[in-house]
Amino acid sequence: MPYLLLILTTLFWAGNFVIGRAMHSVLPPIVMAELRWTLALVILLPFLIPRLIKQKAVILTHWKMLTVFSIFSVACFNTFIYIGLTSTNASNATILQSAIPIFILILSSVWLKERVSLQQWIGVTISLIGVLMLITQGQVSNLLSLSFNVGDLYVLTGVLCWAIYSLLLRWRPAELDGFTFFGVTVLIGSLILLPFSAVEFYFAEHIVWGSKSTYAVLYMAIFPSILAYIFWNKGVADIGAVKAGLFIHLMPLFGLLLSSIFLNEKIHSFHIVGILFIFSGIYLAIKAKLTQ
């Protein structure tokens, strides 16, 4: 069961990228992020309010740190992803997300001064080559001329935000249970996004709200937000964080398949080669970490 839940989690997350790409011409990215998290919050509120009242003192004591968590996770991560999806495809976005463990490793070494082995650095280098292959679409000339896809750079910024958030979790208030912590970050993150989404909505072209956009926001709020969170926590509790973390690398596979089926995106050779480089590097880095 935990393995099935973790597989479903990565499938839901990959679906989020595909729908974000499909809706990029219908809903502005920040508005889309705000609608997703506001709806998720509405669904959570009946269960969250009693916990907020009970743990009000703890929340007020740690409100600054909780705000930082909300900025990097709810407010920035998916918002940058959605902005990136306005000019890059869902396949690239899901593959680039698999670089999260590599960003975490680099930040752990540079920021937290944690020891990193030579094998880990080799793994990082190989994975970064894979990421660069995706950004440059396998063309070295694009790298030399700095002709990057702007959407890929936004996605990488979102990935960096999630990596920072992951490292900050070691300072998560221990007094807050997982559900309350998640609910509070969604609440604060939604409030942070509100003025930005309002400005974007004001200046955006006329938005025609239809059944497709309604179903898209419902999916985003329920599956990659609430259910994925519950499934991920259950999986981590049952088999441990290290093994559970490996499942995130199913996202590129699901992303390519879903993008090909629903968006008719072509799978190119540089996608496959990029995945192989990223996976190989991650394998070396994780293996080194586990054997130290």
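Before reading on, note that the structure itself is shown above.
Let me begin by describing the structure that accompanies this report. (Residues numbered from 1 in each chain as written. Predicted model: local features only at pLDDT ≥ 70, side-chain atom pairs only at ≥ 80, totals over all residues. Heavy atoms only, no water.)

1. Considering helix α10 (residues 178-203)
Here's step 1: With 26 residues, α10 extends 37 Å between its outermost C-alpha atoms, agreeing within 8% with the 38 Å of an ideal straight helix rising 1.5 Å per residue.
Here's step 2: Remark: the principal bend of α10, roughly 35°, maps to L194, with a proline, P195, within the next four residues. (Helix = DSSP H or I, 4+ residues; strand = E, 2+ residues; numbered from the N terminus. Expected span 1.5 Å × (residues − 1). Bend = angle between axes of the 7 residues up to and from the residue.)

2. Some remarks on the environment of L253
Here's step 1: Among the structural elements, L253 can be located in helix α13 (residues 251-262).
Here's step 2: Overall, L253 belongs to the partly exposed group, its relative accessible area being 46%.
Here's step 3: With 159 residues separating them in the primary sequence, L253 and T94 have C-alpha atoms 8.4 Å apart. (Buried < 20%, exposed > 50% of the residue type's maximum accessible area, 1.4 Å probe, protein only.)

3. Comments concerning the packing of aromatic side chains
Here's step 1: Under the counting rule described, the total for this entry stands at twelve aromatic pairs.
Here's step 2: Between the aromatic rings of W111 and W171, the centroid separation amounts to 6.4 Å while the plane-to-plane angle is 50°, which identifies the pairing as tilted. Highlighted residues: W111 in the loop between α6 (100-110) and α7 (118-135) and W171 in the loop between α9 (150-168) and α10, separated in sequence by 60 residues.
Here's step 3: On the accessibility criterion, W111 (40% relative accessible area) is partly exposed.
Here's step 4: Note that R170 overlies the ring of W171, its terminal NZ or CZ placed 6.0 Å from the centroid.
Here's step 5: Against the face of F181 rests R172, its NZ or CZ located 4.9 Å from the ring centre. (Phe/Tyr/Trp six-rings, centres within 6.5 Å; stacked < 30°, edge-to-face > 60°. Lys NZ or Arg CZ within 6 Å of the ring centre and 35° of its normal.)

4. Describing the layout of surface pockets
Here's step 1: Considering only enclosed or pocket space, the second largest pocket measures out at about 240 Å³ in volume.
Here's step 2: Contributing elements (two or more residues each) for the lining of the second largest pocket: α1 (2-22) and α11 (211-239).
Here's step 3: Residues of the lining of the second largest pocket, tallied by class, amount to nine nonpolar, one polar and one charged. (1 Å grid on protein atoms, 1.4 Å probe; cavity = no way out; pocket = protein on both sides within 12 Å on 5 of 7 lines; lining within 4 Å. Points joined across faces, edges and corners; volume = space filled by probe spheres on them. Nonpolar A, V, L, I, M, F, W, Y, C, P; charged D, E, K, R; others polar.)

5. Description of the packing of helix α5 (residues 90-97) against α9
Here's step 1: Where α5 contacts α9, the two axes come as close as 10 Å, and the packing angle between them is 30°. Of the possible angle classes, the one that applies to α5 and α9 is roughly parallel. Every pair of crossing elements has a handedness; the one defined by α5 and α9 is right-handed. Of α9, the residues touching α5 (which contributes N92, A93, L96 and Q97) are D152, V155, L156 and V159. (Axes fitted to C-alpha atoms, helices over the stretch in contact; angles between N-to-C directions. Parallel < 35°, antiparallel > 145°, perpendicular 65-115°, else oblique. Left-handed = near helix turned anticlockwise from the far one by under 90°. Contact = heavy atoms within 4.5 Å.)

6. Details of the side chain of S73
Here's step 1: Mapped onto the fold, S73 is located in helix α4 (residues 63-84).
Here's step 2: Residue classification places S73 among the buried positions, given a relative accessible area of 5%.

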